[in-house]
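# Per-entry structural report
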Amino acid sequence: MHEHGSKRFSPKKMKKLDAPERGQMQPPAPLVDALELDGQTVVVDLGVGTGYFALPIAEALDQRGGSGSVVGLDVSREMLDEFEKRARNRELGHRTTAVKVTGEGSLPLEEGIADRVIIVNTAHELDHRPQVWRHIRRALKTGGFLLIVDWSPSGPFDHGPPADHRIGAEVLQQELVEAGFEVVPMNLYERFYAIKARA
């Protein structure tokens, strides 16, 4: 999510987001299940990229009927354009919205807009995390939750960011508690930690 700096994932590497290894390491289904969707759920995907998780979530919402939708936020216009194109190709344009983020200090989220917020493989890129957590807590409806999935700092390091870019789960959990969330560690994927933070 960085506007500058080396931690931000480059749109030039967009193809890596669809690599077969990712399908093995992070199949979307466990995360979609963890979101406990119903037909009306509004999900915000912060760092949506090309829609690797957002599109399966939109499909699951579509199957349930109702007015549920996914709002994809990203700093990269290229990523958002690709996300919108894929949503149209899968006939999910009516379930998805792409929103460009100009900076972490001003996430374009109205108060109480979201039932769920997900941040997958992106929390380690955020420069102003405490501010982001406050924004998200405000955007979540009562009883809604944030789900963070990120790379384990203990490795392995054959995929993902280098060791010095990774953040431990306990650091994020402490920040989230300080922001007023009720935090529950989860186990979704082998190489990644997952944190559920209820507003």
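Description of the structure in this document. Here the structure is a predicted model, which means the values were calculated and not measured.

### Points about the nonpolar core
Within the largest apolar cluster, 32 residues are counted, with the highest numbers of intra-cluster contacts made by L31, L35 and I57. Counting residues per element, this core draws most heavily on helix 3 (residues 54-64), at six residues. Residues contacting I57, with those up to four places away along its chain left out, are L31, V32, L35, L37, V43, V70 and I118. Ranked by size, the runner-up nonpolar core spans 29 residues in total, among them L46, V75, V101 and I195.

### Brief notes about helix 4 (residues 77-89)
For helix 4, with 13 residues, the first-to-last C-alpha span of 18 Å sits near the 18 Å given by 1.5 Å per residue. Within helix 4, burial applies to M79, L80, E82, F83 and A87. Summarising the axial view, the buried residues of helix 4 lie within an arc of 160 degrees, below the 170-degree limit, and thus occupy one face. With respect to the buried face of helix 4, the exposed residues turned more than 90 degrees away are E78, R88 and N89.

Basis of the calculations
- Residues numbered from 1 in each chain as written.
- Predicted model: local features only at pLDDT ≥ 70, side-chain atom pairs only at ≥ 80, totals over all residues.
- Heavy atoms only, no water.
- Core = buried A, V, L, I, M, F, W, Y, C linked by side-chain atoms within 4.5 Å.
- Buried < 20%, exposed > 50% of the residue type's maximum accessible area, 1.4 Å probe, protein only.
- Helix = DSSP H or I, 4+ residues; strand = E, 2+ residues; numbered from the N terminus.
- Contact = heavy atoms within 4.5 Å.
- Expected span 1.5 Å × (residues − 1).
- Arc of directions from axis to C-beta.

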